[in-house]
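Descriptive analysis of the structure
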Amino acid sequence: MSSPQTITLSLNPQQLDLLQRCIAAGDAPDLQALAERALREWKDGVPSAKPAAVAKSDSAGLSDRRELLATHVLEPGTGKALEVMQGQVLRIEQVEGGQCADFNCFNLHDYKEFMHVGRTRTLHGFNPGPGDFLWSAPPRERAMMFILADTVRANDVMFPRCSANLYESVYGFARHTNCHDIQSEAQREYGLTPDDVHDSFNLFMNTVISGQRGRIERQTSRAGDHVELLALMDVLAVPNVCGADVMRTSNFSLKPLKVQVFSASEKDSAAVPPLPRWDTQRTPAQFRQKDIKADRALRRDPGYRPEFTNVPLLQSQHPVLLDAAQCELLESFALKQFYGANLGAQLRDVLFSWWEKRYLE
Ligand SMILES: [Zn+2]
């Protein structure tokens, strides 16, 4: 039988800030009561905080008229860098069917902002589709394009672009069409180098997760199938015909792809849900190092003084009094296996686990 105990919660300023915001939002009057609530609700299943409803725009009465601005047919082994301005739609379409396209995307006015497949994958899963965004890398983290349409629903953000070395090391080819080199050559039209090619968004690529690994399967796209991307900023969009003819990626043959640019219709624009503007979406104006390195060697800056965020992270101690029943409840969560007899660490785990369930699920 447990007896009442005063448990000391050790929190750094960031952890304390999150809990104080819960208190300010009315979750509990103070830290003591918040800890009691977390204990109680962690046991019973935590009611989540309802997110504010996002008003859906009404597209009735809006025009769906688009204007065709450009058409290109990408032959096997090629790609094309295209300027797609904010409010324009890029359509990538199957000509015969069964062809994978790799895709890169840069801010047209600052190539250092580019699509970040990792964030896109984290937010939208392994198979982004209609209603999802293509995000730029930290620290920019802006929505660059919006997936308006996708008639196949087989896009991949798990696999990297195929490369010359893949075909040499695995298949023994001295030279072989590959997405990296095709992207490099297409991007060269805008002064970018092979080092600027980034992780690709793989359109019409049918992948599954099998155990600990991903696997590429044959695909089912047919002539006319397409993906449409609406530009939310001016971008350099670079689709290419994937060069893989000895894998299942494009059903063992290379076929052309059609790419078109349209002005978005009123209905297209209304389909994009509103996004907040976050303070952490930083621009080069906020960088301490503002210049882009123009040479390749790395040299130490003798004037460098580190300025890391929020350091030093000093812990503060917060007593929480638990009665016998609450102590028993805490013990019942079996957190001892992670924290030993440190009840403060166990209670901290309950608080932040409770927060995740309440605010993220
Ligand atoms: Zn490829």
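Residues numbered from 1 in each chain as written. Predicted model: local features only at pLDDT ≥ 70, side-chain atom pairs only at ≥ 80, totals over all residues. Heavy atoms only, no water.

Description of the coordination of the zinc ion
Selection rule: Only nitrogen, oxygen and sulfur atoms within 2.8 Å of the metal, or 3.2 Å for Na, K and Ca, are treated as donors, and water is left out, so sites may look incomplete. Only DSSP runs of H or I covering at least 4 residues are called helices, and only runs of E covering at least 2 are called strands; the numbering of each starts at the N terminus. For every residue, the accessible area obtained with a 1.4 Å probe (protein chains only) is divided by the maximum for its type, and the residue is called buried under 20%, exposed over 50%, and partly exposed between those limits.
Those donors, Cys162 (SG), Cys179 (SG) and Cys242 (SG), are the protein atoms that reach the zinc ion, and they lie 2.2 to 2.3 Å from it. Within one chain, the residues donating to the zinc ion are spaced in sequence as C-x16-C-x62-C. Residue cysteine 162 is located in the loop between β8 (143-150) and α4 (164-171), and its partner cysteine 179 is located in helix α5 (residues 179-187); the two are separated by 17 residues in the primary sequence. For the pair shown, cysteine 162 and cysteine 179 are each scored as buried.

What about helix α9 (residues 343-360)?
Operational definition: Here the expected span of a helix is defined as 1.5 Å times the quantity of residues minus one. We call two N or O atoms a polar contact when they sit within 3.5 Å, provided that within protein one can donate a hydrogen and the other can accept it, with sequence-adjacent residues counted only if both atoms are side-chain atoms.
End to end, α9 covers 25 Å across 18 residues, agreeing with the expected 26 Å (1.5 Å per residue, within 8%). Listing the buried residues of α9 in full gives Gly344, Ala345, Gln346, Leu347, Asp349, Val350, Leu351, Phe352, Ser353, Trp354, Trp355 and Arg358. For α9, the N-terminal cap is asparagine 342; the gap from its side-chain oxygen to the backbone nitrogen of glycine 344 is 3.1 Å.

Let's talk about the domain arrangement of the chain
Applied cut-off: Domain start and stop positions are those given by an automatic or database domain assignment.
Domain annotation of the chain identifies domain 1 (5-46 + 315-359) and domain 2 (67-264). On a C-alpha basis, the centres of domain 1 and domain 2 stand 46 Å from each other.

Digging into the packing of helix α1 (residues 13-24) against α9
Between two packed helices, both the angle of their axes relative to each other and the distance between the axes serve to describe the pair. So the rule is basically this: As a rule, the C-alpha atoms of each element are fitted with a line to give its axis, helices using only the stretch in contact, and angles between N-to-C directions run from 0 to 180 degrees. Should an angle fall under 35 degrees it is taken as roughly parallel, and over 145 as roughly antiparallel, whereas 65 to 115 is taken as roughly perpendicular and any remaining angle as oblique. Handedness of a crossing follows from how the near helix is turned relative to the far one, being left-handed for an anticlockwise turn of less than a right angle and right-handed for a clockwise one. Here a residue-residue contact requires only that any non-hydrogen atoms of the pair lie within 4.5 Å. Residues are grouped as follows: Ala, Val, Leu, Ile, Met, Phe, Trp, Tyr, Cys and Pro are nonpolar; Asp, Glu, Lys and Arg are charged; every other residue, Gly included, is polar.
At their nearest, the axes of α1 and α9 sit 12 Å apart, and the two run at 55° to each other. On the basis of the axis angle, α1 is oblique to α9. Judged by the twist between their axes, the crossing of α1 over α9 is left-handed. On the side of α1, the interface is formed by Gln15, Leu18, Leu19 and Cys22, while α9 contributes Arg348, Leu351, Phe352, Trp354, Trp355 and Tyr359. The class makeup of the residues in the contact of α1 with α9 is eight nonpolar, one polar and one charged.

Topic: the sheet that holds β8
What counts is decided by this rule: A pair of strands is considered paired only if DSSP assigns at least 2 bridges between the two.
Here six strands make up an open sheet; going across it, the order is β2-β14-β4-β12-β8-β7 and the pairing antiparallel. Here the strands that pair on one side only, and so sit at the sheet edges, are β2 (67-74) and β7 (133-135). Averaged over all pairs of adjacent strands, the angle between strand axes in this sheet comes to 20°, irrespective of strand direction. As paired strands, β7 and β8 are joined by three bridges and run antiparallel to one another. Each bridged residue has a counterpart across the sheet, and for leucine 134 the counterpart in β8 is methionine 145.

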